[in-house]
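Letter by letter, the chains look like this.
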Amino acid sequence: MQLLIYIIAYPLLWVIASLPFRLFYIFSDFVYFLVYRVFGYRKKVVMDNIKMAFPEKSDIEVKRITKKFYKHMCDLFLEMIKSLRISEKEIKKRFFVTNAEAIDKYTKAHQSVQLICGHFASYEWAMSLEYHIAHKGYAVYTPLGNKYFDKLVQKIRKRHNAELISRYHSMETIQMHHDTKVLAMYGMASDQSPMPMKAKYWRSFFNINVPVHTGVEYMAKKFNQAVVFIDIQKVKRGYYTATFKEITDSPNDYSDYEITDIFTEILEKQIREAPEYYLWTHKRFKHRDKHRPGIVK
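The shown structure was predicted, so the numbers you read here are calculated from the model rather than taken from an experiment.

(A) Layout of the nonpolar core. Counting residues in hydrophobic clusters, the biggest one holds 88 residues, and the most contacted among them are F95, F244 and W280. With sequence-adjacent residues up to four places away left out, W280 is seen in contact with V45, V46, N49, I50, A53, F54, F69, I271, P275 and F285.

Below is the structure:
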């Protein structure tokens, strides 16, 4: 059944990826109409999340952000499909790195990097970053249930010189790279909600007490890797900028969870400035207030 679904879907994905950008975004508008107007995909989840994050906003403001979010979300996921055919020249123009030279210091020091971000703007096109750096690029991800689509996602990444690491095997892979002195950059969107029983740290996010992932900080300290935030901004439809912002190149100088706190505060500020570009469909606050703030003993 997985193979049958893939065989049926793949030609459609190829056609979408082959559309000229003008037609591509007209198609995205049509998808938005279906997703938002007709089916209302996760509309209640999205609006509830925005209301929790911005209790000061009126219903009219929440609806305005919601509509803008759905338009962006449709662009985002179709742009992921577009990655099947987009050229190096085109993606460099549309995903513009403002300060690639900021990574040179880690290259000279032969220091690997934990590149951290949230599900904001075009985190998908960050796969093209290796066009701009000397590090080998890896993205930590959750494998798809359909093994054929999972292989397709890996194939797309490899087209732009990046590779995927299953989150279930990330620690041993990074350990192997460390032991064999591979100069690597590990990209991770680290803003989703861990299970409460597995969470080691809880803190405020939009004034809501939630569990947070601490894996980036743990690995950076274990392997003495730099931690860099990738600030991705949507300039206009189909165009983004990416700016490297160092959090630290000496992670062991920081107390426990301090790096995690810094990242969370940067991400929240980013979202507050343009909430329509954050991925509100996932239930970020589903475990809210189930534990007191602070470290789990």
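There is more to say after this.
(B) How the structure looks around a nonpolar patch on the surface. Taken together, the side chains of F33, V38 and F39 present a nonpolar region at the surface, about 340 Å² in accessible area. By the secondary structure assignment, F39 is in the loop between α2 (21–38) and α3 (43–53). On the basis of relative accessible area, F39 is assigned to the exposed category, the value being 63%.

(C) The arrangement of the pairing of strand β4 (residues 163–166) in detail. In this structure, strand β3 (residues 136–141) lies alongside β4, joined through four bridges in parallel fashion. Of the residues in β4, the one forming a bridge with A139 is L164. After leaving β3, the chain enters helix α7 (residues 147–159) and then returns to the sheet as β4, a path that is right-handed.

(D) The arrangement of helix α8 (residues 170–179) in detail. Taken together, the buried positions of α8 are occupied by S170, T173, I174 and H177. Mapping the buried residues of α8 onto a view down its axis gives an arc of 95 degrees, with all of them on the same face. Here the buried face of α8 lies against β2 (113–117), β3, β4, β5 (184–189) and α9 (215–223). Just downstream of α8, K181 is the residue with a positive phi angle, here 60 degrees.

(E) Geometry of the pattern of salt bridges. As enumerated under the stated definition, the model contains 18 salt bridges in all. The residue D75 makes a salt bridge to K234 at a minimum N-O spacing of 3.7 Å. In this pair, D75 sits in helix α4 (residues 59–82) while K234 sits in strand β8 (residues 226–236), placing the two residues 159 residues apart along the sequence. K234 shares its class with D75; the two are buried. Put simply, E217 and K221 hold a salt bridge, and the shortest N to O gap is 3.2 Å. In this pair, E217 and K221 are both assigned in helix α9, four residues apart and thus about one turn of the helix distant. Each of D29, D75, K234 and R237 takes part in one network of salt bridges that share partners.

(F) Region of the structure containing α2. Compared with an ideal rise of 1.5 Å per residue, which puts 18 residues at 26 Å, α2 spans 24 Å between its outermost C-alpha atoms and is within 8% of the ideal. Where α2 is concerned, the buried positions are F21, F24, Y25, S28, V31, Y32, V35 and Y36. Seen end-on, α2 carries its buried residues on one side only, within an arc spanning 110 degrees. The secondary structure elements touched by the buried residues of α2 are α1 (2–18), α3, α4 and α5 (88–94).

(G) Summary view of the packing of α8 against α9. The N-to-C vectors of α8 and α9 enclose an angle of 25 degrees; their axes lie 11 Å apart at closest approach. Viewed along their axes, α8 and α9 adopt a mutual orientation that is roughly parallel. The handedness of the crossing between α8 and α9 comes out as right-handed. Residue-level contacts link M171, I174, Q175 and H178 of α8 to Y218, M219, K222 and F223 of α9. Of the residues contributing to the contact of α8 with α9, the split by class is five nonpolar, two polar and one charged.

Calculation rules
Residues numbered from 1 in each chain as written. Predicted model: local features only at pLDDT ≥ 70, side-chain atom pairs only at ≥ 80, totals over all residues. Heavy atoms only, no water. Core = buried A, V, L, I, M, F, W, Y, C linked by side-chain atoms within 4.5 Å. Buried < 20%, exposed > 50% of the residue type's maximum accessible area, 1.4 Å probe, protein only. Contact = heavy atoms within 4.5 Å. Patch = residues over 30% accessible without salt bridge, like charges linked within 9 Å, V, L, I, M, F, W, Y side chains within 5 Å. Areas by Shrake-Rupley, 256 points an atom, 1.4 Å probe, with all protein chains shown as cover. Salt bridge = Lys/Arg side-chain N within 4 Å of Asp/Glu carboxyl O. Helix = DSSP H or I, 4+ residues; strand = E, 2+ residues; numbered from the N terminus. Pairing = 2+ DSSP bridges. Right-handed = clockwise from strand over helix to strand, strands pointing away. Arc of directions from axis to C-beta. Expected span 1.5 Å × (residues − 1). Axes fitted to C-alpha atoms, helices over the stretch in contact; angles between N-to-C directions. Parallel < 35°, antiparallel > 145°, perpendicular 65-115°, else oblique. Left-handed = near helix turned anticlockwise from the far one by under 90°. Nonpolar A, V, L, I, M, F, W, Y, C, P; charged D, E, K, R; others polar.

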